[in-house]
Amino acid sequence: MLRMFIVILMIYPWVGNAQKYFSRNAIIRINSPSKVEKIEGVSSTATTVLEMSSGKIEFAVLTNSFVFEKALMQEHFNENYLESTKYPKANFKGSLDNFSSLKLTDPGTYKTHVRGELTMHGVTQTITAPVEFMVDAKGIHASCNFRVKCSDYNIEIPTVVKNTVSNDVDIKVKVDYKSL
């Protein structure tokens, strides 16, 4: 009897985790429309977990992991805008709409919305964004596009570039989930 109990305790964490999918290399692309030059940064090291039993989803990304085409742009992003030393991480915690009707175990394409709290630059805002899942033999893939305003997160655009840099930032997320 004791042996059976020990075996169950050893197996339980694996069974409990079978309902979770994760990625340590989700891609987040940020783009701020500009009249002067392309302002685009990419991080390919975001982490995310999707809980299949509830539709809860979480993301975390180190703000200094974004890479820009120009080193000076990257420096300004980290020092002047996101203040990466003071606010080293951005995260999202939320859930998928109509999750119980999604069949993310069956091959196909599924569209829904994700709702939750995005925390960036020390400020938390509620967001809702469309998300598309594609399920195939390789796993679950997700993509999501949404827009945030710098001013909503107390990110100040310096007066010198205020007329050339947009307050709006387009965010594109792509994830290939793996079973945990």
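Check the entry above for the structure.
(A) Main features of the overall build of the protein chain. Within the protein chain, the regular secondary structure consists of two helices and nine strands. Reading the protein chain from its N terminus to its C terminus gives the helix and strand order α-β-β-β-β-α-β-β-β-β-β. Once the C-alpha set of the protein chain is aligned to its principal axes, its extents read approximately 70 × 35 × 25 Å. Burial status across the protein chain gives 38% buried among its 180 residues. Contacts in the protein chain between residues far apart in sequence, at least 24 positions, make up 59% of those at least 6 positions apart. Entry remark: accessible area of the protein chain is about 11,300 Å², with carbon and sulfur atoms responsible for 56%. The protein chain carries 21 positive and 18 negative side-chain charges, and their two centres are separated by 5 Å.

(B) Broad picture of the side chain of Ser43. Along the chain, the position of Ser43 falls in strand β2 (residues 39–51). From its side chain, Ser43 meets the backbone nitrogen of Thr45 in a polar contact 3.4 Å long. With residues up to four places along the chain from it excluded, the contact list for Ser43 reads Ala26, Ile27, Ile28, Val61, Ser65 and Phe66.

(C) Quick peek at the pairing of strand β8 (residues 139–149). Of the strand pairs in this sheet, strand β7 (residues 123–136) and β8 are connected by six bridges, and their pairing is antiparallel. Across the sheet, Glu132 pairs through a bridge with Ser143, a residue of β8. Between β7 and β8, which pair antiparallel in sequence order, lie two residues. As paired elements, β8 and strand β9 (residues 168–179) share ten bridges and run antiparallel to each other. From the neighbouring strand, Ala142 faces β9, where its bridge partner is Val175.

Procedures and definitions
Residues numbered from 1 in each chain as written. Predicted model: local features only at pLDDT ≥ 70, side-chain atom pairs only at ≥ 80, totals over all residues. Heavy atoms only, no water. Helix = DSSP H or I, 4+ residues; strand = E, 2+ residues; numbered from the N terminus. Buried < 20%, exposed > 50% of the residue type's maximum accessible area, 1.4 Å probe, protein only. Contact = heavy atoms within 4.5 Å. Areas by Shrake-Rupley, 256 points an atom, 1.4 Å probe, with all protein chains shown as cover. Lys, Arg positive; Asp, Glu negative; His and termini not counted. Charge placed at Lys NZ, Arg CZ, Asp CG, Glu CD. Polar contact = N/O pair within 3.5 Å; in protein donor to acceptor, adjacent residues only side chain to side chain. Pairing = 2+ DSSP bridges.

Everything listed is a geometric property; what it means functionally is a separate question.
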